[in-house]
Amino acid sequence: MSDDDDEFEEEVSRDEIATGPGEAADPAWLVEAKMPADLRAKYEIYSYRSAATILAESHPTQFKELCEALREFEITKTMIRTAGGNESEIPKLLSAALRPKGWHETIIRGDLLVELISRVQVGVQKNGKPKTEQRTRTIRREKYLDGHKVDYVKGRVAFDLEWNSKDQTFDRDLYAFSAFAQTGVIDVGVLVTRGGQDMTEFIKSLGQSLTKEGEPEFTKRGVPRMVGAKYGASTTWMGKLLYRMNAGRNGACPVLVIGITPACVVD
């Protein structure tokens, strides 16, 4: 890939970043009214399509369990510096908190049945008016929904975490949330990712990254690999997610967006 291609991709990446919630987001007072103050101090939290209200009021058990898991969630600088992406220790922390409580990985599949109902003229009545009959034709579109997966589902609430994947992963998550919601499987989705600018600057300050074995990491040219290089603008973080949320990529699904901030780092 040429330097021009790199510059083009970086320019496109910058264009697809949002610095904050847009008009599609719920007002801040709604989040303040429904989300506990200690979680608002620890995370960036935004609500779309009244997600915070639906979660807190209609699904109190799931809301309580998610709040407890987020309250207990703590990471270290070493976790951030260590290679592993979404297979790192960080996603496993929430799995350990939620799996035993019945939050299961769930896939949705389904066929679409479409009925075409027509009035067909079959003759003429004695008075000269057309004689009609109703005819129905059914079209079956197999695998209309096929394999959309959400990592954590309990009841009518979906939850997912994206720590450091390619940012296109958000499109997959939001499409899955929308598919689950349109078919009446869930009422609300919750999506957790790395926070915005504060978290980005904090990660850049951590210096050299570590291998999975905990050793200092170097590039192929022998140059120390810095932590910030692993968490680029084209990975999953709040700026990339809000860009999609502001554009309505969640469809009709209410989504609560939560960003991990330096307040989650215990050391």
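Attention here is on the structure that accompanies the text. Keep in mind that this is a model prediction, so the values were computed, not measured.

Rules used in this analysis
Residues numbered from 1 in each chain as written. Predicted model: local features only at pLDDT ≥ 70, side-chain atom pairs only at ≥ 80, totals over all residues. Heavy atoms only, no water. Helix = DSSP H or I, 4+ residues; strand = E, 2+ residues; numbered from the N terminus. Phe/Tyr/Trp six-rings, centres within 6.5 Å; stacked < 30°, edge-to-face > 60°. Buried < 20%, exposed > 50% of the residue type's maximum accessible area, 1.4 Å probe, protein only. Core = buried A, V, L, I, M, F, W, Y, C linked by side-chain atoms within 4.5 Å.

## Some words on the environment of Lys204
Then comes step 1: By the element assignment, Lys204 lies in helix 9 (residues 197-204).
Then comes step 2: Here the alpha-carbon distance between Lys204 and Glu217, two residues 13 residues apart in the chain, equals 15 Å.

## Description of the packing of aromatic side chains
Then comes step 1: For the structure shown, the criterion picks out two aromatic pairs.
Then comes step 2: With 5.4 Å between their ring centres and 65 degrees between their planes, Tyr152 and Phe159 make a pair best called edge-to-face.
Then comes step 3: Accessibility expressed as a relative area gives 5% for Tyr152, which makes it buried.
Then comes step 4: A centroid spacing of 5.8 Å and a plane angle of 75 degrees characterise the contact between Trp163 and Tyr231, whose relative ring orientation is edge-to-face. Of this pair, Trp163 sits in the loop between strand 4 (157-162) and helix 8 (169-182) while Tyr231 sits in the loop between helix 10 (227-230) and helix 11 (238-246), and the two are 68 residues apart along the sequence. For the pair Trp163 and Tyr231, one class covers both residues: buried.

## Remarks on the nonpolar core
Then comes step 1: By size, the foremost hydrophobic cluster in this structure holds 42 residues, and its most contacted members are Tyr43, Ile75, Ile80, Phe159, Met199, Leu256 and Ile260.
Then comes step 2: Counting 24 residues, the second largest nonpolar core, distinct from the first, contains Phe170, Leu174, Phe177 and Cys253.

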